[in-house]
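Letter by letter, the chains look like this.
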Amino acid sequence: MLRLCDNKITCRINRTILLLLLVVLLSLPTHAAVTFDPAGYEIYSMADYSPPVVTRARTLLKPSPRNAINSEGMGGFFVSNTADLFEPEQIILSSRYKYHELTSSRGISMHSNESGSVSTFESSLTWIGKWAEWAVTVPIHDWDLNATRTFGGYARSNTGIGNMRLGWKATYLPDKSYYRFAYGAMMAITTGNPANMLPAGSKNSDELKLFGCVTTSETDRATANLELGAIIDSESDDDRFLYRMGMSYEALTHVSLIGELVGEVLGGDDKDTMDLVMGFRVQPTSTWTLEFVYYKNLRTYRDYGWDEQLQAGYTLRW
């Protein structure tokens, strides 16, 4: 009689090995294929296998026609800075033309027979780095003023360079659930002869602006922004607090509507300014952005005040 094992221990070991082989065969996936080649080698393959798909995280603040360069040479709305991002390692050229008529001095209206106007052409060169923006802005002013009673014999005109501005904004902060932060600094340097450009808004002293901003995604089309900061005067007699609130709405694929409320507070006794800024940006191509802006002065404590201002400009990306 043929015996499969010599003793009970050997029989138990054999049964255990057979049971393990049966479990392994039953555990193979149903979509697996097991074949045998003529040489006796076993080939195991997985049918319908596909590698995992790696998806790239979406940016919270999607690019839109609102993304362009502001009056300080950095990414933002018409006046305020935003936490929007541009593609890194590119140069952006932008220019703006502004025009307003002079109507007051520190909140007091000029006399009816007095007049004046200011035309400003600003050019900015902005470098978009991987973690920050760097910008330089050079304004050229052309003004005329005939207000001998308000300004004590001031009746003349002039054309020249205003105060140059150097800007820096950190953009490395990560996206949050529905908002993004950014912060930076801007330096206004007295260039040329600033005294000759006083009616155009230039200062006789250098200024350092420190700011922070937060930009939020309200809807797929609406974006809100808040900027707060302080301006420090080199002569310590014109330090002030600033605030800028704005919102953009993507009306069309290539058009963004933008509204801002911007102001500066010098101190008590109504020594502050507040302007309502409204306009739109058009992006006919991926590299060009055009803008048209209207300013309405609500409160003023400017040495050379105005009631309304018009602006037109462009942003060109390389």
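Residues numbered from 1 in each chain as written. Predicted model: local features only at pLDDT ≥ 70, side-chain atom pairs only at ≥ 80, totals over all residues. Heavy atoms only, no water.

A. Structural detail: the overall build of the chain. For the chain, the count of helices and strands is one helix and 18 strands. Considering the chain as a whole, with its 318 residues, one finds that 42% of them fall into the buried category. Across the chain, every contact between residues at least 6 apart in sequence was considered, and the portion connecting residues at least 24 apart equals 55%. (Helix = DSSP H or I, 4+ residues; strand = E, 2+ residues; numbered from the N terminus. Buried < 20%, exposed > 50% of the residue type's maximum accessible area, 1.4 Å probe, protein only. Contact = heavy atoms within 4.5 Å.)

B. Region of interest: the pattern of salt bridges. Enumeration over the complete set of coordinates arrives at 20 salt bridges. For Glu72, the salt bridge is made with Lys209, and the minimal N-O distance between the two is 2.8 Å. Highlighted residues: Glu72 in the loop between strand S3 (68-69) and strand S4 (75-76) and Lys209 in strand S12 (residues 207-217), separated in sequence by 137 residues. In this structure, the salt-bridge partner of Glu122 is Arg96, at a minimum N-O distance of 3.0 Å. With Glu122 in strand S7 (residues 115-128) and Arg96 in strand S5 (residues 90-105), this residue pair connects regions lying 26 residues apart in the sequence. Accessibility assignment for this pair places Glu122 and Arg96 in one class, buried. (Salt bridge = Lys/Arg side-chain N within 4 Å of Asp/Glu carboxyl O.)

C. How the structure looks around the environment of Ser112. Residue placement: Ser112 occurs in the loop between strand S6 (108-109) and S7. Placed 35 residues apart in sequence, Ser112 and Ala147 show a C-alpha to C-alpha distance of 9.7 Å.

D. Local environment of the nonpolar core. With ten residues, the main nonpolar core is built from Leu102, Met110, Val118, Trp143, Leu145, Ala147, Phe151, Met197, Ala200 and Tyr304. Ranked by residues supplied to this core, first place goes to strand S8 (residues 132-147) with three residues. Ignoring anything within four residues of it in the chain, the contact list for Leu102 reads Met110, Gly116, Ser117, Val118, Leu145, Pro199, Tyr304 and Gly305. (Core = buried A, V, L, I, M, F, W, Y, C linked by side-chain atoms within 4.5 Å.)

In short, geometric facts, not functional conclusions.
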